[in-house]
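# Structural description and commentary
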Amino acid sequence: MLQPRITRYPDGITAVDTEYVRPGHAAAHIIRQDGRAAFVDTGTNYSVPYLLAALEELGLTPAAVDYVLLTHVHLDHAGGAGKLMQALPNARAVLHPRGAPHMIDPSKLIAASKVVYGEENYRRLYGDLVPIAAERVVTTQDGQRLNWAGRELEFVHTPGHALHHHAIVDLAYGNIFTGDTFGMSYRECDTAQGAFIVPTTTPTQFDPEQLITSVRRLAAYAPKALFLMHYARVTDVPRLADSMEQQIREFVRIACEDGDAAVIRSKMRAYWFSLLRQHGCELSEAKLDDLFGLDLDLNTQGLIAWLARAKEKS
Ligand SMILES: [Zn+2]
């Protein structure tokens, strides 16, 4: 029997490892409320069996799932949404209006993702995307609230990582599901100082000023905890918000200094490793390269894409 890696948190929230890239890299979340359930993000097609096994382990049936809340349509978050929806007879998918069309007709999303990942990696990581029927898709407005089984959720449009990104504020409990807007924090890098966080500047819509504005906007809710896809629950939000802003400004400085990919990557790597040492992280450089290698690649690509757009504008 398939064994999902799950972590149970307060407030009826469970993280499920989507088994993307490596254990501990990406987590979908299940929110339980009065015998009902909602997913926040899904992982890829290959994650779906783990999500269904996690539901079962929590004593929930697929019919109990009312919503699949997708923070944005990057494939490590939403690539498995169509396939998951096939198994959930009563669920509706909730998306930012700019993201919804790409789940209903994923052809553009597939093409764009192949550019970022390459054809072979694309197949290995994501497989064939399943469209979601338009009548099962709900879109959000900025600030819109959803009263779900007595639990009030607020959707906040948070551009910066992607233009079609929204975060989900769990108002009564002081939690926010931040997708990728509030960066990534791997549990392996937790120390006595707490969580270590880094921004994700994945192509092709990274925008530093928008991202800083969105981070500040989420921090202004003064949440007790954030739930990140990469990876799960963090607290001490004001400190993390400051670190996010500082790093985004440093990335911009690095990218503007020399636009060469290898140079950007190596400077970002050195910067992160020095921050990690200040944070009290004692992992070896080899282990840190394992943890952050893919992020360094994607962040570099995203910064270069942003530079190109910024030059076009000027
Ligand atoms: Zn993303």
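Residues numbered from 1 in each chain as written. Predicted model: local features only at pLDDT ≥ 70, side-chain atom pairs only at ≥ 80, totals over all residues. Heavy atoms only, no water.

Glancing now at empty space enclosed by the protein. Counting across every chain of the model gives 2 cavities of 30 Å³ or more. For the largest cavity, the calculated volume is near 140 Å³. Every residue lining the largest cavity is counted, 15 residues in all, and those nearest its centre are Asp 76, Thr 200, Thr 202, His 230 and Leu 298. Looking at the lining of the largest cavity residue by residue, the classes come out as 5 nonpolar, 7 polar and 3 charged. Of the pockets and cavities examined, the second largest cavity occupies roughly 50 Å³. Ala 27, His 29, Val 40, Asp 41, Thr 71, Phe 177, Thr 178, Gly 179, Phe 227, Leu 228 and Met 229 are the residues that line the second largest cavity. The set of elements that each furnish at least two residues to the lining of the second largest cavity consists of strand E3 (27-33), strand E11 (175-179) and strand E12 (225-228). By residue number, the principal contributor to the lining of the second largest cavity is E11, which donates 3 residues. Of the residues contributing to the lining of the second largest cavity, the split by class is 6 nonpolar, 4 polar and 1 charged. (1 Å grid on protein atoms, 1.4 Å probe; cavity = no way out; pocket = protein on both sides within 12 Å on 5 of 7 lines; lining within 4 Å. Points joined across faces, edges and corners; volume = space filled by probe spheres on them. Nonpolar A, V, L, I, M, F, W, Y, C, P; charged D, E, K, R; others polar. Helix = DSSP H or I, 4+ residues; strand = E, 2+ residues; numbered from the N terminus.)

A few words now on the coordination of the zinc ion. Taken together, His 72 (NE2), His 74 (ND1), His 161 (NE2) and Asp 180 (OD) make up the full set of protein donors to the zinc ion, lying 2.1 to 2.2 Å away. Relative to the metal, the 4 donor atoms surrounding the zinc ion lie at angles of 89 to 173°, and the coordination shape comes out irregular. Each donor residue of the zinc ion belongs to the same chain, with the gaps between them written as H-x1-H-x86-H-x18-D. One end of the pair, His 161, is in the loop between strand E9 (151-157) and strand E10 (166-170); the other, Asp 180, is in the loop between E11 and helix H7 (208-219), with 19 residues separating them in the sequence. In this pair, the class of His 161 matches that of Asp 180, namely buried. (Donors = N, O, S within 2.8 Å, 3.2 Å for Na, K, Ca; no water. Tetrahedral: all angles 85-135°; square planar, octahedral: opposite > 155°, others 65-115°. Buried < 20%, exposed > 50% of the residue type's maximum accessible area, 1.4 Å probe, protein only.)

Next up on the list: the nonpolar core. Judged by nonpolar contacts, the single largest core of 43 residues is most densely connected at Phe 182, Trp 272, Leu 276, Leu 288, Phe 292 and Leu 303. Those elements giving two or more residues to this core turn out to be E10, H7, E12, helix H8 (237-257), helix H9 (261-278) and helix H10 (285-313). Counting residues per element, this core draws most heavily on H8, which supplies 8 residues. Excluding anything up to four places from it in sequence, Leu 276 contacts Cys 189, Phe 196, Cys 281, Leu 288 and Phe 292. In terms of nonpolar packing, the next biggest core, distinct from the first, is built from 40 residues, Val 16, Val 48, Leu 51 and Tyr 126 among them. (Core = buried A, V, L, I, M, F, W, Y, C linked by side-chain atoms within 4.5 Å. Contact = heavy atoms within 4.5 Å.)

Let us look at the pattern of salt bridges. In this structure the tally under the stated criterion is 19 salt bridges. Notably, a salt bridge pairs Asp 190 with Arg 187, separated by 2.7 Å at the nearest N-O pair. For Asp 190, a relative accessible area of 37% puts it in the partly exposed group. Residue classification places Arg 187 among the partly exposed residues on the basis of a relative accessible area of 23%. The residue Glu 209 makes a salt bridge to Arg 249 at a minimum N-O spacing of 3.6 Å. One end of the pair, Glu 209, is in helix H7; the other, Arg 249, is in helix H8, and 40 residues separate them in sequence. (Salt bridge = Lys/Arg side-chain N within 4 Å of Asp/Glu carboxyl O.)

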